[in-house]
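# Structure assessment
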Amino acid sequence: MDWSKLINFRDRRSRAGSILFSALLLLFIALIDSSPARAIPAFARKYGMPCSSCHEAWPKLSPFGQQFKDNGFQMGNDRDAPIFQSPAYWPIAMRITPNWHLEHQDNVIVDQGSGLANVTTHGFDFGGLDILTEGTLAKNISFQLVPSSDETGAFHLEAVNVRFDNLLNSSWLNIKAGKFELDNLLSEKRILTLSANGSFYQNYHFQPWVAPGVASSSYAFGIGDNQVGLEWMGHSKNDRTRISASLLSATDGNPDFQSGTGLAASSAYEGFITASRAFQVGNLGLQRVGGFAYFGQATTFPKYTSGSVPINGTGAGNEPYYRAGFIGMWYLKKLDVTTMYFYGHDSVYLGTNTPSNAGSAGLPAGSHAPSWNGALFETHYTFNPQMIFVNRYELIRMSQQALDTNPGDLGNIDALTFGFRYYPFVSSRAGLAFHNEYSIVWQRKIVVSPTTGLPVDLTSSSLMFGLDFAF
Amino acid sequence: MRITKFKGIFVSLVAVLILPAALPAQQSDQAPAAKPNPHIEAHVGDVTGHPDAGSDLYYRYCWGCHGARGNGDGENAPYLNPTPRNFVAGIFKCRSTPTGTLPTDDDLYHSIERGFYTTTMPSWITLTAQNRADLVAFIKTFSARWATDKAGEPIQIPPEPKLTVESIKHGKEVFQKMECWKCHGQEGRGDGPSAATLTDSFDQPIRPYDFAQGTRFKCGTTNQDLYKIFMTGLDGTPMPSFASVIKPEEAWDLVHYLRTLQVSHASPELALWKTTPEGAAFLAAEKVRNTPTGSGLAP
């Protein structure tokens, strides 16, 4: 073997790596030193305030930003109505994230070899586009319209609603109608992690597995998904106390009564309630505790079909599911920790993908209503408005499997995400974040090995470096 | 060699991680003010505000309008009307202290808490009491006046006398005698003969308060706040102090009358005034209706 060639190759590769890294470092420094931009997200432009006013680090809201949102995107100084804005003002902002990311999965079912493989992909990419149009139609009438696309440019309407604020001159009476995000204290729409594995809360979207390799398909739901319906929300003037209740169509936010992947389209209704209270502890900051509950139901078979295709909105055999939890948001000056306990329960019919028209006789032997517990710990260290470090650990543990034959830990999840966001400037015109993140998720026994027939774990991880910008 | 390579990558990664954190906040084209004087404090009730803590808050929430140096020239100042307060000048509208004096810490604290009606300065009620006190302490570091002058003594506000029709009528006489109408207009709509010519102490055009549209005042919402406004004056604006020319009992009569000019705001004074022929005729002439902004009068 010609060792000198190998050494030269290694040296060249090492030198090339050093040059590449130095170039990236220089680019990074150059970008840091760039002048502040002069474009603008909608509210910052309207009110002339830096994004750091409403966001501890965008998109995470500060208490002031939360109050602004709860007040119907209004400051409350009789200058909120559009009539006070320059006619040229248009309440619109856009957000997108070009990035480089690496995705890795263990135990992916493939046609080759043993039928299971570890798959790694990576490359430059970009996320979907959010077009954020939000503001006021008149004093105490606010709106939200958010066309949103996936990375292919396929658009859907992420949010469409009108809110009547401060009815009867009371901050306790605000009514919103349309498609909107549930009043989740831990907002998934304002999540600080963006990678494929870290861009959502596992607890918000978990549905128990019917059996190894068999996912629940009886309904689609995520408590972090925007829903369609009506919301009453009330809050104290200083926003320390917040409460809301919603009546929603059981469609997981889909239009035309389409329930997505369910067994039957639905015309059922669901409910969500949440309440929280913040209190000051010394000079540590505002601490907030709260609770929430979602009462859902999903149809299990179509009452009418046409050409064997279910007619939307005519599903029958409603079966219940619910989610509930408690949340605490603890501030220790620059460090804050969000803790959440989560409980989920599905009807036995939903948990086993079984239509309920045959009654319990139609259920598989040894079937149960599945239930589970979950927890979330998310920490942020806000070094300053330009730098935030994020860490999150989530776990989900099944307490009752849908079938006796299932492994006890089928579907259990552990998810770890950490990263940081650096904002090279803070302005009232635009925002840019250098987004750096690693996320890994372990799901227990959900894959069935094609060769052994035994359930094995699925591990997925993401590494992401992105430029998250809004203007 | 392998260890050296990993060491290099590790050092570089640490550099990338640490570098941004070590950089000063680049929040505007302007350099922030020098480190605040730690000896300047704010005392509001039993809360003591510290400028160091206030500095962090100021450069999170306030600098966009009030500027990195507190002189009111933040990046949004050119687009705001009225322009943001220049803290360096040390002149404040809303005070409980006589004209020409510095406000108390309480005055500044409540200004931050309340916000300013019909301006872009919002209420910062969501900040904690400690936060607001810290901001007051930091704001005081911008002007040299705080190092040389003490805050004025708050004026004494006598108890409010009983509301009567006579009190309102006498207040109307005071309104005429003091020529308040020259700026505010006979109906209090801010359209007096001098209104179009008014400027503040920074030569910026300024409009008199429109009682007919307003439900709140810049410096508060209560009758006591209204009393303070014309007895202390709004420094830096053409609104003078009337403390030397109006007796306290006359001042209360004026308060009662001014309340009746707020025809879009339900008040005991307005309700009483409606019962008189003069008041009823005045209100009948006003066409109160909802405007696109949600309240106010038809032009």
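Residues numbered from 1 in each chain as written. Chains lettered and ligands numbered in written order. Predicted model: local features only at pLDDT ≥ 70, side-chain atom pairs only at ≥ 80, totals over all residues.

## Describing the overall build of chain A
A tally of helices and strands in chain A yields 6 helices and 24 strands. Within chain A, residue pairs in contact and separated by at least 24 positions form 63% of the contacts whose partners lie at least 6 positions apart. (Helix = DSSP H or I, 4+ residues; strand = E, 2+ residues; numbered from the N terminus. Contact = placed C-beta atoms within 7 Å.)

## Quick notes on unusual backbone geometry
A cis amide bond links Trp58(A) to the next residue, Pro59(A), at an omega of 10 degrees. Across the junction of Asn81(B) and Pro82(B), the peptide omega takes the value 5 degrees, indicating a cis bond. Examined against the element boundaries, Pro82(B) turns out to sit in the loop between helix H3 (63-66) and helix H4 (105-114). Despite not being glycine, Asp239(A) has its phi angle at roughly 70 degrees, a positive value.

## Section: the pairing of strand S21 (residues 387-400) of chain A
Where strand S20 (residues 371-384) of chain A lies against S21(A), 13 bridges are found, and the strand directions are antiparallel. Bridging across to S21(A), Phe377(A) finds its partner in Tyr393(A). (Pairing = 2+ DSSP bridges.)

## Some words on the confidence of the model for chain A
Confidence along chain A averages 87 in pLDDT terms, with 89% of residues attaining 70 or more. pLDDT under 50 marks residues 22-40 of chain A. Its contacts with residues more than four places away, or in other chains, come to 26 contacts. (pLDDT = per-residue confidence, 0-100.)

## Overview of the nonpolar core
Counting residues in hydrophobic clusters, the biggest one holds 54 residues, and the most contacted among them are Ile388(A), Tyr58(B), Val136(B) and Ile139(B). Broken down by element, the residue count for this core peaks at 6 residues, all from helix H5 (residues 129-139) of chain B. What Ile388(A) contacts, discounting residues up to four positions off in sequence, is Ala57(A), Leu192(A), His380(A), Tyr381(A), Thr382(A), Phe383(A), Phe420(A) and Arg421(A). Leu226(B), Leu234(B), Met239(B) and Leu258(B) belong to the second-largest nonpolar core, a separate cluster that totals 29 residues. (Core = buried A, V, L, I, M, F, W, Y, C linked by C-beta atoms within 7 Å. Buried ≥ 20, exposed ≤ 12 C-beta atoms within 10 Å, placed from the backbone.)

## Quick notes on the environment of Gln227(A)
Locating Gln227(A) in the fold gives a position in strand S10 (residues 227-235). Separated by 47 residues in sequence, Gln227(A) and Phe180(A) place their C-alpha atoms 5.6 Å apart.

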